Amino acid sequence: MRAVVVRRFGGPEVLELVEVPVPEPGPGQVRVRVAAAGVNPVDAVTRAGVLARAGLMAPGETTGLGWDVAGTVERLGAGVSGFAVGDTVIGLRDRLDVPLGAYADALVLDAAALAPAPRGVPAVAAATLPLNGLTALQALELLDLPAGATLLVTGAAGAVGGFAVQLAARRGLRVVAVAGERDAAELRALGAQWCVPRGAADLAAEVRALVPGGVDGALDAALLGVAALGAVRNRGSFVAVSAGAAPLGLRGIRVAHVWVAADGDALAGLAELAARGELVLRVADTLPLEQAGAAHHRLARGGLRGRLVLVP
């Protein structure tokens, strides 16, 4: 089968499409025939060697790329229940130090990392859900804000931010979304109560003009750090979505990183929302697997609304 791997770190040119043996599922695992694989910023920093240099992944001869998968169950390992060959599924590959990722014709995952695909949703759209949806959900769980509380979401027009706005609104949170002016109307439709322009000269002042005293919590998907922290009230909560991006917890603010973990049960809940049309999935474009390098070039240019998706 085909897979996109990295044998040396660098720019998009280091991505290689190679032939590899079809992986066999072990006990508790499932082999998925990939129909679509999301392209995410974590793939780019993995390819560039940033995560290896940070000590977040062990070195290996080859490194697989791709966290998000949508596809069809092809083979079951021993002891797997709840899935059958032919089921359509989505899943999250949350380990970095593995030779194969979702950029491939097939992928083996633990059964606990899989969920039934959202009914009636094309695989390309479904593949945008696992990584970013679970990151947003787990960040909100870390914030642990009660209904009626106020939440600042930076990078609200992005994949994690967009899911965070929607999921926060469902929890009864009042959301202040930070994004470009062209995205304001869509974000209000997704559930944001207020919108603050991206690039505001004084983000904290803009937010505090809307929410006197500061918001109860912030989900910093845009990695603004202290600029977003200034908008949070004393003893509030702050969650960053990238390692090293969290500021110090000044003024008694509780600061945390969200380290996303595969969770099939939680993913199934997100898929159900998507199937009912209560969670918007956004696809920027689709490209064939052999154009993974072109997808990474487009990702680097920025400005995408939704995720690029590779199709084997």
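One can find the structure itself at the top, above this paragraph.
K.L.:
How do you make sense of the sheet that holds strand S4 (residues 63-64) when you look at a structure like this?
P.N.:
By way of backbone hydrogen bonds, the strands of a sheet pair with one another, either parallel or antiparallel. Ordered by their spatial adjacency, three strands build an open sheet running S2-S1-S4, and the pairing between neighbours is antiparallel. The outermost strands of the open sheet, each flanked by one partner alone, are strand S2 (15-19) and S4. The pairing of strand S1 (residues 2-6) with S4 spans two bridges and is classified as antiparallel. Bridge pairing in S4 links Val6 to Thr63.

K.L.:
I keep staring at the pairing of S1 and nothing clicks. Help me out?
P.N.:
In terms of residue burial, S1 counts as a mostly covered element, since four of its five residues are buried. Note that S1 and S2 share five bridges and pair antiparallel. Each residue of the ladder has a partner; that of Arg2, found in S2, is Glu19.

K.L.:
Even after reading the chapter, I still don't get the packing of helix H4 (residues 130-143) against helix H5 (residues 159-170), so can you show me in this structure?
P.N.:
When two helices pack together, their arrangement is given by the angle between the helix axes and by the axis-to-axis distance. Packing of H4 against H5 leaves a shortest axis separation of 8 Å and a crossing angle of 50°. In terms of orientation, H4 lies oblique with respect to H5. At the point where H4 passes H5, the crossing takes the right-handed sense. The residues of H5 that touch H4, namely those facing Asn132, Gly133, Thr135, Ala136, Leu137 and Leu140, are Ala159, Val160, Phe163, Ala164, Leu167 and Ala168.

K.L.:
Would you mind showing me how to read unusual backbone geometry here?
P.N.:
Among all residues save glycine, negative phi is the norm, and among peptide bonds the norm is trans. Positive phi is not limited to glycine here, since Leu223 has a value of about 60°. Structurally, Leu223 is set in the loop between strand S12 (215-220) and helix H8 (226-229). Residue Leu223 is classed as partly exposed on the basis of its relative accessible area, which comes to 42%. You will see that Arg235, though not glycine, has its phi angle at about 60°, which is positive.

K.L.:
How should I be thinking about the side chain of Gln138 in this particular structure?
P.N.:
In this fold, Gln138 is placed in helix H4. Leave out the neighbours within four places in its chain, and Gln138 touches Val258, Trp259, Val260, Ala261 and Asp263.

K.L.:
Would you explain the pattern of salt bridges in this entry?
P.N.:
It is possible for side chains bearing opposite charge to pair when their charged atoms get close. The full count for this structure, using the stated rule, is 16 salt bridges. Among the salt bridges present, the one from Arg119 reaches Glu272, with a minimum N-O distance of 2.9 Å. Of this pair, Arg119 sits in the loop between strand S8 (114-116) and helix H3 (123-126) while Glu272 sits in helix H9 (residues 264-275), and the two are 153 residues apart along the sequence. A salt bridge links Arg298 to Asp285; the nearest nitrogen and oxygen atoms lie 2.6 Å apart. Here Asp285 lies in strand S15 (residues 283-288) and Arg298 lies in helix H10 (residues 292-301), a separation of 13 residues in the sequence.

K.L.:
Sorry if this is basic, but what is going on with the sheet that holds strand S10 (residues 174-179) here?
P.N.:
Read across the open sheet, the six strands follow the order S11-S10-S9-S12-S13-S14; overall the sheet is parallel. With partners counted over all chains shown, the strands left at the sheet margins are strand S11 (194-197) and strand S14 (254-257), one partner each. Across the sheet, the mean angle separating the axes of adjacent strands is 20° when strand polarity is ignored. Against the sheet, H4 touches strand S9 (150-154), S12, strand S13 (232-240) and S14, its axis set at about 150° to S12. Sitting on the sheet, helix H7 (residues 203-210) is in contact with S9, S10, S11, S12 and S13, with an inclination near 160° to S11.

K.L.:
Looking at this structure, I do not really get H10. What am I missing?
P.N.:
Every α-helix winds through 3.6 residues per turn, so residues three or four apart in the chain are directed the same way. Taken together, the buried positions of H10 are Ala292, Gly293, Ala295, His296 and Leu299. Viewed end-on, H10 has its buried residues packed into an arc of 155°, placing them on one side of the element. The inward-facing, buried residues of H10 abut S1, S2, strand S3 (29-39), helix H1 (41-48), S15 and strand S16 (307-311).

K.L.:
Any chance you could explain the environment of Ala231 here in plain terms?
P.N.:
When you line up the elements, Ala231 lands in the loop between H8 and S13. C-alpha of Ala231 to C-alpha of Ala52: the two residues are 179 residues apart in sequence and 33 Å apart in space. Setting aside residues no more than four positions away along its own chain, Ala231 makes contact with Leu152, Ala204, Val207, Arg208, Gly214 and Val215.

K.L.:
I'm lost on the pairing of S13 in this one. Help?
P.N.:
Regular strands place side chains that alternate from one sheet face to the opposite one. Here S12 pairs with S13 via five bridges, running parallel. By the bridge assignment, Gly217 is partnered in S13 with Ser237. Here S13 runs beside S14; their pairing, made up of four bridges, is parallel. Of the residues in S14, the one forming a bridge with Ala240 is His257.

K.L.:
What is the right way to read the nonpolar core from this model?
P.N.:
Most often, soluble globular proteins have nonpolar side chains that are buried together. By size, the foremost hydrophobic cluster in this structure holds 55 residues, and its most contacted members are Ile90, Leu129, Leu151 and Leu187. In terms of residue count, the dominant contributor to this core is H4 (seven residues). Residue contacts for Leu187: discarding those within four places in its chain leaves Ala156, Ala157, Val165, Ala177, Ala179, Ala192 and Cys195.

Definitions and limits used
Residues numbered from 1 in each chain as written. Predicted model: local features only at pLDDT ≥ 70, side-chain atom pairs only at ≥ 80, totals over all residues. Heavy atoms only, no water. Pairing = 2+ DSSP bridges. Helix = DSSP H or I, 4+ residues; strand = E, 2+ residues; numbered from the N terminus. Buried < 20%, exposed > 50% of the residue type's maximum accessible area, 1.4 Å probe, protein only. Axes fitted to C-alpha atoms, helices over the stretch in contact; angles between N-to-C directions. Parallel < 35°, antiparallel > 145°, perpendicular 65-115°, else oblique. Left-handed = near helix turned anticlockwise from the far one by under 90°. Contact = heavy atoms within 4.5 Å. Salt bridge = Lys/Arg side-chain N within 4 Å of Asp/Glu carboxyl O. Arc of directions from axis to C-beta. Core = buried A, V, L, I, M, F, W, Y, C linked by side-chain atoms within 4.5 Å.

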